[in-house]
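Reading the structure
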Amino acid sequence: MTTTSVPITVFARTTTSPAHTYRVIVPIDLARVFKPWGPFPGVAEVRDQTGTWDRPGTSRQTWFTDGSKADERLTETAEGHGFAYELSGFTNVLAGLVSGVRGEWSFLPDGTGTSIRWTYDFKPLPGRRWIVAGPFKPLWTRYMRAALARMVTVVQETPGGIMQE
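Below or above, wherever it landed, is the structure these notes cover. Here the structure is a predicted model, which is why all the values come from computation and not from measurement.

1. Let's talk about the packing of aromatic side chains
- Enumeration over the complete set of coordinates arrives at 21 aromatic pairs.
- Taken together, a centroid distance of 5.9 Å and an interplanar angle of 80 degrees make the contact between F34 and W118 edge-to-face. Taken together, the residues F34 in the loop between α2 (30–33) and β2 (43–47) and W118 in strand β7 (residues 113–124) connect sequence positions 84 residues apart.
- Under the relative-accessibility criterion, W118 is labelled buried at 0%.
- Relative to W140, the ring of Y120 has its centre 5.8 Å away and its plane inclined at 25 degrees; by these criteria the two rings are stacked. Of the two residues, Y120 sits in strand β7 while W140 sits in helix α3 (residues 129–157), which places them 20 residues apart along the sequence. In terms of burial, Y120 and W140 fall into one category: buried.
- One residue, R47, lies across the ring of W63, its end atom 3.9 Å from the ring centre.
- The ring of W53 has R60 lying over it, and the distance from NZ or CZ to the ring centre is 3.6 Å.

Here it is, written out as structure tokens:
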């Protein structure tokens, strides 16, 4: 069976505990870490959040620096270990490429720190997989790596990340 989705995964490591890394990344200010890069806009702000971003079912709209937006819904949480969400309702170029995206984060102990795994699983529209899996994928991978590097900086600069948690 051939999968039609296109997963893109990036990894990083922090010197803080998984619990601390989780507590900082889950509610992180998206505008602080998603900056414009190459052909992709940054995040300008989040609007209409229906509650704290720590319970499945919570939703919000993410607005980008080019004026476009996407709907986001938290679908899974595992306190201190990971979370997942879905993005849909894109009003930018992604509207013509994908029906949605599933994002998933995991935070695993790694010596004296944490190994972070972040995946975006793109669901291409019919006839669009070749674009998403081809020219789009390396560009998006670089965009994700840049955002993740900024997140790691925020995590490590936030007090309370010692491994003895």
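Continuing now.
2. Some points on the side chain of T21
- Looking at where T21 falls in the secondary structure, it is placed in helix α1 (residues 18–25).
- Separated by 2.8 Å, the side chains of T21 and T16 make a polar contact.
- Not counting residues within four places of it along the chain, the set of residues in contact with T21 comprises T14, T16, F107, T114, I116 and V155.

What counts and what doesn't
Residues numbered from 1 in each chain as written. Predicted model: local features only at pLDDT ≥ 70, side-chain atom pairs only at ≥ 80, totals over all residues. Heavy atoms only, no water. Phe/Tyr/Trp six-rings, centres within 6.5 Å; stacked < 30°, edge-to-face > 60°. Helix = DSSP H or I, 4+ residues; strand = E, 2+ residues; numbered from the N terminus. Buried < 20%, exposed > 50% of the residue type's maximum accessible area, 1.4 Å probe, protein only. Lys NZ or Arg CZ within 6 Å of the ring centre and 35° of its normal. Polar contact = N/O pair within 3.5 Å; in protein donor to acceptor, adjacent residues only side chain to side chain. Contact = heavy atoms within 4.5 Å.

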